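Read off the chains here:
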Amino acid sequence: MKILVCISHVPDTTSKINFVNDDTAFDTNGVQFVINPNDEFGLTRAIWFKEKQGANVTVVNVGGPDTEPTIRKALAIGADEAIRVNATPTDGFQVAKELAEVVKNGGYDLVICGKESLDYNGGMVPGMLASLLNYNFVNSCIGIEVEGNEATLIREIDGGKETLKSALPLVVGGQKGIVEEKDLRIPNMRGIMSARTKALNVMEATGNDTKTKVVKFERPAPKSAVKLVSPDNLDELVNLLHNEAKVI
Amino acid sequence: MSVLIYAESNEGKFKKTTLELASYAKKVAESLGTTVTAVTVNTEDVSELGKYGVDKILKVSNNQLDKFNAKAYADVIKQAAEKEGAKVVAVTSTTNSLYAAPIVAVNLNAGYASNVVALPVSTSPFQVKRNAFSNKAFDVTEITSDVKVLALAKNSFGVVEASGAAATEDFAPALNDSDFAVKVENVEKVTGKVTIADAEIVVSGGRGLKGPENWGMIEELADVLGAATACSKPVSDLDWRPHSEHVGQTGKPVASNLYIAVGISGAIQHIAGINASKVKVVINNDPEAPFFKVADYGVVGDAFEVVPKLIEKLKAFKANN
């Protein structure tokens, strides 16, 4: 089985979110970048396939040279090889189109993406990629097993879950549950050393087919300070929630 | 060139998020000088939509669509959009709608903006404000394609009643076998319980509750308020509560009207997941807990004393209101 894991290079959650150039660009100054958490769950599941069923795992990122440390980390965790499509990602459709080219060239059986990235929260690349390839697609995936040419998947739905079956090739939008947090791997020294010599192939972008662009960023309005209510005066809390906040 | 919405229903009833979407679409249609068409799937009584601004309903009845299937539903939405010549196609932010929306966008060669939180900033060029960076910022996204697909963030616009009734028309889109290539084998859904996705109020417990045996008061508080119960990540990691209750960045997102956090310190990953909630109440015995910085109302005190008292006060309030 050939697996492609698509990873995004995103600011760590604890990063300060600031903008520059008259609020038209994200300020990367002092920001620590990581593998997008939803993607890392999928990467870990792919490594399990490799260890238990003998899969070959390639990671791919659409990004500039600055994303290579993040890609190397994925190699250190256990991916066999990596591809970087040399382009600045500005739109989900553009990224999906570049990834579709990678999939067509590589002949992958299973493509695992995170269901959404933590920076732009678009949640569109996996579905668009599947549609462009006309592959089957399962989103919000919290479990996957593959036997022969068939996958059994569990998808989270509002208020429950469902079980699905799909033939390969298949695109999956993964999230926590596809593996659990405790299953995530911290690269060990051997992994880090071997990652240095694994192939990281740079491919040029095939085009720049965008359908959206961000024109401006805004920060939320500053929040007023919390109103503290004494534990001995909870009638006041009920009153505030009813008359002031109007939520009960 | 109407605005098309996919009006999702659950067990024959439209969800509040669908009515919110209809209200939103009405305003967008007005600014574009056009009308709203809704496409419904296997929903018997669709009349309610007219009260929220929908002018026309394309009613699809097809038992192949009894179980949600993203590709097939996306095909239905695409064909409805083409029939109506829709330039704007909008969906809610339910798990199912967000599953179908990117497929719809590719099928219509359209740009797509999710997490939209307000009416378009401008309709020419077409620009919308959306949540980004896990609710820590907004961006204004311009959709440059001819057809635009939007997903409206839950609880961002509100439900607005309008006068009028919608004209209903049966619609039978042509579906093919490849639409059903992913087979739904089994659906497990909790019934008779408020889900985190639909809840107006969410009551959430953290490690400060000391153990799963203490969740009775959280459930009782939720019961009194008609709320869903949730928990922080450490609580689900410790298996005190099911993983499906975990809310936060890697758990379920919450965008309720009221979020009550009991014994949750407020790690940044937790806040990222619940920050779209309108009003946040924190009950914690540590006045330094970071959650107080983002909360609207706070009670510094022992949860084991505060929560039972609050339940009594709320019961008295509910009895009189």
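Residues numbered from 1 in each chain as written. Chains lettered and ligands numbered in written order. Predicted model: local features only at pLDDT ≥ 70, side-chain atom pairs only at ≥ 80, totals over all residues. Heavy atoms only, no water.

Moving on to the overall build of chain A. Helix and strand content of chain A: 6 helices and 15 strands. Dimensions of chain A, computed from the C-alpha atoms along their principal axes, are close to 65 × 45 × 40 Å. Evaluated residue by residue, chain A yields a buried proportion of 54% over its 248 residues. Relative to all contacts within chain A whose residues are 6 or more apart in sequence, the contacts with residues 24 or more apart total 69%. Carbon and sulfur atoms provide 48% of the accessible area of chain A, an area that totals close to 10700 Å². Each charge class in chain A was averaged separately, 27 positive and 33 negative side chains, and the resulting centres sit 3 Å apart. (Helix = DSSP H or I, 4+ residues; strand = E, 2+ residues; numbered from the N terminus. Buried < 20%, exposed > 50% of the residue type's maximum accessible area, 1.4 Å probe, protein only. Contact = heavy atoms within 4.5 Å. Areas by Shrake-Rupley, 256 points an atom, 1.4 Å probe, with all protein chains shown as cover. Lys, Arg positive; Asp, Glu negative; His and termini not counted. Charge placed at Lys NZ, Arg CZ, Asp CG, Glu CD.)

Consecutive residues of a regular strand have side chains that alternate between opposite faces of the sheet. Residue and element names in this part refer to chain B. Side chains of strand β6 (residues 88–91) alternate between two faces, with Val88 and Ala90 and Val89 and Val91 buried alike. Summarising the sheet, strand β1 (residues 3–6) and β6 pair through 3 bridges and their orientation is parallel. From the neighbouring strand, Leu4 faces β6, where its bridge partner is Val89. In the sheet, β6 pairs with strand β11 (residues 148–152) via 4 bridges, with the strands oriented parallel. For Val89, the partnering residue across the bridge sits in β11 and is Val149. (Pairing = 2+ DSSP bridges.)

For the rest of this paragraph, the subject is the packing of aromatic side chains. A complete count under the given rule lists 14 aromatic pairs over all chains for this structure. Aromatic side chains Phe19 of chain A and Phe26 of chain A sit 6.3 Å apart centroid to centroid with 65° between the ring planes, which places their arrangement in the edge-to-face category. Both residues of the pair, Phe19 of chain A and Phe26 of chain A, count as buried. Aromatic rings pair up to connect Phe19, Phe26, Tyr120 and Phe217 of chain A together with Phe133 of chain B into one cluster. In this arrangement the basic side chain of Lys2 of chain A is found over the ring face of Tyr108 of chain A, its NZ or CZ atom lying 4.9 Å from the centre. Geometry around Phe49 of chain A places Arg45 of chain A over its ring, the cationic atom sitting 3.9 Å from the centre. (Phe/Tyr/Trp six-rings, centres within 6.5 Å; stacked < 30°, edge-to-face > 60°. Lys NZ or Arg CZ within 6 Å of the ring centre and 35° of its normal.)

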